[in-house]
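In case you want the letters, here they are:
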Amino acid sequence: MKRYQSAAVLIVSALLAAQLPVAAQDDTREKINQLIVYGDDPCPASNDGSITVCARKDEAERFRIPAPLRENPNAAVNQGWTQRVKAYETAGSFGVNSCSPVGAGGATGCMAQLINSAYAEKKQASDVQFGKLIEAERAKRTQSIDADTAAEQARVEVLEKEYEAKLKREREGEIQPAAPSSPNAPLATPPQP
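Residues numbered from 1 in each chain as written. Predicted model: local features only at pLDDT ≥ 70, side-chain atom pairs only at ≥ 80, totals over all residues. Heavy atoms only, no water.

**Concerning helix α6 (residues 145-172)**
At 3.6 residues per turn, the α-helix brings residues three or four places apart onto the same side. Helix length check: α6, at 28 residues, gives a terminal C-alpha distance of 41 Å against a target of 40 Å (1.5 Å per residue), a fit within 8%. Looking at the residues trailing α6, positive phi occurs at G173, about 85°. (Helix = DSSP H or I, 4+ residues; strand = E, 2+ residues; numbered from the N terminus. Expected span 1.5 Å × (residues − 1).)

Put into structure tokens, the structure is as follows:
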């Protein structure tokens, strides 16, 4: 039995070691700094393209145990009636994916049950939800993209019209063609609003 367990541990560790270099090469992810500040403490400014998100709590909470850890969420008084009824539904279930010590493959459902309960706890948590704060910060950063794009498009259109008018005057013989300039030289300066 121990030989199978050690073999399983070796296989899992080999898989994890094979995946580490792939994760280490992914430098395209944005840097997110999540902080909890208390009272009137300032939130540090974002730098180097990172997103800094601060959740503010009362000054009285600074040295206290975090609220989710103060009480037992699994206590019977904190469970709703529907959760108690769901507990009765699993009585007598055994076999594959049942998370019970009875029957062949009874322990296979334990991890799925732990994952489901963890997501349910996270969904019901009253603590800080950094995901919403990060999305708000991203939205704030991207809200000026449309205005910047429209301004750049207007500037390009003005330059194109000036260039076309100049070419038309040159073709009609009004002005002499300009000497060729370097390809990196600007066409014209746009009028300032």
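**Brief notes about the confidence of the model for the protein chain**
Averaged over the protein chain, the pLDDT score is 76; the fraction of residues at 70 or greater is 71%. This stretch, residues 20-25, has a pLDDT under 50; its non-local contacts, to residues over four places away or in other chains, come to 1 contact. (pLDDT = per-residue confidence, 0-100. Contact = heavy atoms within 4.5 Å.)

**Quick look at unusual backbone geometry**
Even without being glycine, D48 reaches a positive phi, approximately 55°. Position of D48 among the secondary structure elements: in the loop between β1 (32-38) and β2 (51-57).

**Things to note about the state of the cysteines**
If you walk through the whole model with that rule in mind, you get 1 disulfide. With a sulfur-sulfur separation of 1.8 Å, C43 is cross-linked through a disulfide to C54. The disulfide joining C43 to C54 has a torsion of about 75° about its S-S bond and is therefore right-handed. Taken together, the positions of C43 in the loop between β1 and β2 and C54 in strand β2 put the pair 11 residues apart, joining distant regions of the chain. Given the relative accessible area of 33%, C43 is considered partly exposed. (Disulfide = S-S within 2.5 Å. Buried < 20%, exposed > 50% of the residue type's maximum accessible area, 1.4 Å probe, protein only.)

**Examining the nonpolar core**
Core analysis: the largest hydrophobic core is formed by 5 residues, namely I51, V53, A55, F130 and I134. For this core, the leading source of residues is β2, giving 3 residues. (Core = buried A, V, L, I, M, F, W, Y, C linked by side-chain atoms within 4.5 Å.)

**Digging into the environment of C99**
Checked against the element boundaries, C99 lands in the loop between α3 (81-89) and α4 (110-124). Owing to a relative accessible area of 26%, C99 belongs among the partly exposed residues under this scheme. Residues C99 and Q113, spaced 14 residues apart in sequence, show a C-alpha to C-alpha distance of 7.6 Å. With residues up to four places along the chain from it excluded, the contact list for C99 reads G106, A107, G109, C110 and Q113.

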